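Spelled out, the chains give:
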Amino acid sequence: MEAQKVDMFIMSNSKFFESHQINGIRERLIAIDDSKWAMISTIQLKDPTTSLIVSILAGSLGIDRFMLGDTGLGIGKLLTCGGLGIWTIVDWFSIQKATREKNMQKIQQFLY
Amino acid sequence: MVLSRNKLYSILIMACVAGYIWVCYNMVNKQSVLEPVEVCFIKYFTNIPCPSCGSTRAILSLTKGNFNDAFSINPIGFLVAFIMLFSPLWILLDVVAKKNTLFAFYQNLETYLRRPKIAIPLLIIIMINWIWNINKGL
């Protein structure tokens, strides 16, 4: 694809990915075919900030994990009062990274 | 988080160990059964019990064989006790036989539970249980 298009995509979506992944995504996007642009530009990515807010407000019910699609872990959190409160606190700090990894998984379906 | 087999098993084992330590701690400290140590954020900040509050007390009455008491405290206790009893055994079997049956089961269960036909009734059950918890004043 054109570098200009790719750079635009990277600029507007960089907050959805880990910083060390962005370079790889950029190179991969330049290499792939132009026909995939329509799909890639319309992917629904999850916002790490939203996950953080949900995690702080409703983390002990596991709703942050349900939102990311980790249903099993969400049930685990729900059944144990958020892992006796410990898992809730751990997730306040790790949920943003988890969201970015989920986004990476999602975009990888189109990149390869 | 990209969940792999070993990651899931270590999370489950850690959760079970923490659960057993927690139950043992509550069994040794008899007073804390009457005045439980509050680890639940929701209950601590709002005084409203969360959906799974009371499952420790339910498991403690299960260990004494009071099934009716356990059910009236919190039915979720049965589910938690079941998972705590059987998941370490299943993991042990899997690790010894070098298979991943539990991981496959977990992934199938996840896709199964995501279907609205299953998820909505379960959600309603949890909500009813929660309302019951609040009424009981756990």
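Here the structure is a predicted model, which means the values were calculated and not measured. (Residues numbered from 1 in each chain as written. Chains lettered and ligands numbered in written order. Predicted model: local features only at pLDDT ≥ 70, side-chain atom pairs only at ≥ 80, totals over all residues. Heavy atoms only, no water.)

1. As for a nonpolar patch on the surface
All names here are of chain B.
Phase 1 of the analysis: Residues Y20, L79, F82, I83, L85, F86 and L89 make up a contiguous nonpolar surface patch of roughly 670 Å² in combined accessible area.
Phase 2 of the analysis: It is helix α6 (residues 76–97) that provides the largest number of residues to the nonpolar patch, a total of 6 residues.
Phase 3 of the analysis: Its place among the elements puts L89 in helix α6. (Patch = residues over 30% accessible without salt bridge, like charges linked within 9 Å, V, L, I, M, F, W, Y side chains within 5 Å. Areas by Shrake-Rupley, 256 points an atom, 1.4 Å probe, with all protein chains shown as cover. Salt bridge = Lys/Arg side-chain N within 4 Å of Asp/Glu carboxyl O. Helix = DSSP H or I, 4+ residues; strand = E, 2+ residues; numbered from the N terminus.)

2. Brief notes about the interface of chain A and chain B
Phase 1 of the analysis: The partner chain B presents 23 residues to the 22 residues of chain A that form the contact.
Phase 2 of the analysis: Of all residues in chain A, the largest losses of buried area upon contact with chain B belong to L79, C81 and L84 of chain A, amounting jointly to 34% of the total for that side.
Phase 3 of the analysis: The interface formed by chain A and chain B holds 0 salt bridges in total.
Phase 4 of the analysis: Counting across the interface, chain A meets chain B through 7 residue pairs in polar contact (both at pLDDT 80 or more).
Phase 5 of the analysis: Contributing elements (two or more residues each) for the side of chain A that touches chain B: α6 (71–79), α7 (81–84) and α8 (86–111) of chain A.
Phase 6 of the analysis: Looking at the side of chain A that touches chain B element by element, the count peaks at 7 residues for α8 of chain A.
Phase 7 of the analysis: The residue makeup of the side of chain A that touches chain B, split by class, is 10 nonpolar, 8 polar and 4 charged. (Contact = heavy atoms within 4.5 Å. Buried area = accessible area lost by both parts, 1.4 Å probe. Polar contact = N/O pair within 3.5 Å; in protein donor to acceptor, adjacent residues only side chain to side chain. Nonpolar A, V, L, I, M, F, W, Y, C, P; charged D, E, K, R; others polar.)

3. Topic: the nonpolar core
Phase 1 of the analysis: One finds F17, I25, L29 and I107 of chain A to be the most contacted residues of the largest nonpolar core, which totals 18 residues.
Phase 2 of the analysis: Mapped onto this core, the elements with two or more residues apiece are α1 (3–13), α2 (19–31), α3 (37–41) and α8 of chain A.
Phase 3 of the analysis: Discounting chain neighbours no more than four positions away, the residues touching L29 of chain A are M1, V6, F9, I10, I40 and L111 of chain A.
Phase 4 of the analysis: Among the nonpolar cores identified, the runner-up in size contains 11 residues, and L60, L62, V80 and A81 of chain B belong to it. (Core = buried A, V, L, I, M, F, W, Y, C linked by side-chain atoms within 4.5 Å. Buried < 20%, exposed > 50% of the residue type's maximum accessible area, 1.4 Å probe, protein only.)

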